[in-house]
Amino acid sequence: MLDFDTIAKKCNLFDETDVEAVINNIAALDEEYSKEDLVEIYNYILTVSKNPDILSDVVRFADRFRFKSTLNVLIDLLLEKNETADAVVNEKFVNLRAMCAKAIANYKDTSAVTPLLYCLNNKDEHYRVRLACADALGKIGDKYAVAPLIDVVKDENEKSVYLRESAASALGLLGDMRAIDPLVSILETKQGLMNKFTFLKERVIEALTKLRLDDNERVFQALKSSLDDESAQVRINAIEALMESSHPKAAEAIRACLDDKDEEVRKNALIALYNIQGRDILDEVISLPTYVESLKEEAKYMIEEYEND
């Protein structure tokens, strides 16, 4: 039977004057106790300590073992706000709770979905905690989370665009076809109206790529339209998504990007077409005067790198 009072004294657990020494003392317990005992000790500390620095390190220590008993303690920490008058301490607790959500995801346990959704759906919750919960829901993979994540993606009044990005990424991981319409709707939004949502569009395209909707014409048209987006990175993501599809007109759509104003977009278009069509596209780029010199050089490099082995 573990004597937690003795262990707490040995670690100087409640000594606020030297937090680093406390953390080092807790880390040193590895040399004295078994894995099972360490889990019990960590659970005890996570329950009684009120110091976010100590708690953060213990969450990291406990994540090595991932016992089910620790999952319940992590969920309790996630749901506990611990607001104080000290802004710095509050910020540390936000980071701690976000860390708890990430650790919870590692368990892949569907019993954690409800508390994660509770935090995700609470618009008064700190956005970083909600972000971590969205990511965790995607990693756990429970389809019960699909509808709430779709609601976040669709919510144009959501204050945090980053949260919508994380929700889109989570939907890609979940792979549920119900996500198609809300994801495509974001890509179909008129150019110029959503400049601040560039990263959201990137995440949406990545999510659609994971869904592998090769025979969905609406998805293809949305990706094709994204090749004209103001953001070069959105155009690059759309090229990669079209390359991964088996749509019969994918290569034709990508080909237009060989004349893109951005060098990286042109390069990615060439790589995509090479993956689809093979050597012929490289020879074409090199031989025709219509292509810019930098693209010709890239084609020559690809021949040397991939074709002359």
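For the structure itself, look to the data block above.
Only a predicted model underlies this, so the values are computations on that prediction, with no experimental measurement involved.

(A) Broad picture of the packing of helix H16 (residues 263-277) against helix H18 (residues 293-307). Relative to each other, H16 and H18 sit at 40°, their axes nearing to 10 Å. Put simply, H16 runs oblique to H18. Read as a crossing pair, H16 and H18 show a hand that is right-handed. Residues Glu263, Arg266, Lys267, Leu270, Ile271 and Tyr274 of H16 form the contact with H18, whose participating residues are Ser294, Leu295, Glu298, Ala299, Met302, Tyr306 and Glu307. The class makeup of the residues in the contact of H16 with H18 is seven nonpolar, one polar and five charged.

(B) Here's a closer look at the side chain of serine 166. Within the fold, serine 166 resides in helix H10 (residues 161-174). What makes serine 166 buried here is its relative accessible area of 11%. Residues in contact with serine 166, not counting those within four places in the same chain, are Leu131, Ala134 and Asp135.

(C) Spatial organisation of the packing of helix H4 (residues 52-62) against helix H6 (residues 87-105). Contact geometry for H4 and H6: axes closest at 9 Å, N-to-C directions at 15°. Classified by the angle their axes make, H4 and H6 are roughly parallel. Here H4 runs over H6; the crossing is left-handed. Touching Pro52, Asp53, Leu55, Ser56 and Val59 of H4 are Val89, Lys92, Phe93, Leu96, Met99, Cys100 and Ala103, all from H6. Among the residues forming the contact of H4 with H6, the class breakdown is nine nonpolar, one polar and two charged.

(D) Representation of H6 in the model. Between its first and last C-alpha atoms H6 spans 27 Å; for 19 residues at 1.5 Å apiece the expected length is 27 Å, and the two agree. When H6 is considered as a whole, its buried residues turn out to be Phe93, Val94, Leu96, Arg97, Ala98, Cys100, Ala101, Ala103, Ile104 and Ala105. Those residues of H6 that are buried lie in contact with H4, helix H5 (68-79), helix H7 (113-121) and helix H8 (127-140). Near the N-terminus of H6, the side chain that reaches the backbone nitrogen of valine 88, with its oxygen 2.9 Å away, is that of aspartate 86.

(E) A look at the packing of aromatic side chains. Taken as a whole and assessed by the stated rule, the structure comprises three aromatic pairs. Centre to centre, the rings of tyrosine 42 and phenylalanine 61 are 6.0 Å apart; their planes meet at 40°, and the pair counts as tilted. Separated by 19 residues along the polypeptide, tyrosine 42 in helix H3 (residues 35-48) and phenylalanine 61 in helix H4 bring together distant segments of the chain. With relative accessibility at 9%, the residue phenylalanine 61 sits in the buried group. A ring pair is formed by tyrosine 42 and phenylalanine 65, whose centres lie 6.4 Å apart and whose planes are at 10°; its orientation type is stacked. Placement of the pair is tyrosine 42 in helix H3 and phenylalanine 65 in the loop between H4 and H5, with a sequence separation of 23 residues. Residue tyrosine 42 is classed as buried on the basis of its relative accessible area, which comes to 1%.

(F) A look at the environment of alanine 8. Structurally, alanine 8 is set in helix H1 (residues 4-10). Through-space distance from the C-alpha of alanine 8 to that of valine 48 is 10.0 Å; in sequence the pair is 40 residues apart. For alanine 8, the contacting residues outside a window of four places in its chain are Leu13, Phe14 and Tyr44.

(G) Here's a closer look at the nonpolar core. One finds Ile26, Leu116, Leu149 and Leu183 to be the most contacted residues of the largest nonpolar core, which totals 110 residues. The element best represented in this core is H6, accounting for nine residues.

(H) Region of the structure containing the state of the cysteines. Under the defined criterion, the tally for this structure stands at zero disulfides. Cysteine 133 forms no disulfide, and the closest cysteine sulfur to it belongs to cysteine 119, at a distance of 4.5 Å.

What counts as what
- Residues numbered from 1 in each chain as written.
- Predicted model: local features only at pLDDT ≥ 70, side-chain atom pairs only at ≥ 80, totals over all residues.
- Heavy atoms only, no water.
- Axes fitted to C-alpha atoms, helices over the stretch in contact; angles between N-to-C directions.
- Helix = DSSP H or I, 4+ residues; strand = E, 2+ residues; numbered from the N terminus.
- Parallel < 35°, antiparallel > 145°, perpendicular 65-115°, else oblique.
- Left-handed = near helix turned anticlockwise from the far one by under 90°.
- Contact = heavy atoms within 4.5 Å.
- Nonpolar A, V, L, I, M, F, W, Y, C, P; charged D, E, K, R; others polar.
- Buried < 20%, exposed > 50% of the residue type's maximum accessible area, 1.4 Å probe, protein only.
- Expected span 1.5 Å × (residues − 1).
- Polar contact = N/O pair within 3.5 Å; in protein donor to acceptor, adjacent residues only side chain to side chain.
- Phe/Tyr/Trp six-rings, centres within 6.5 Å; stacked < 30°, edge-to-face > 60°.
- Core = buried A, V, L, I, M, F, W, Y, C linked by side-chain atoms within 4.5 Å.
- Disulfide = S-S within 2.5 Å.

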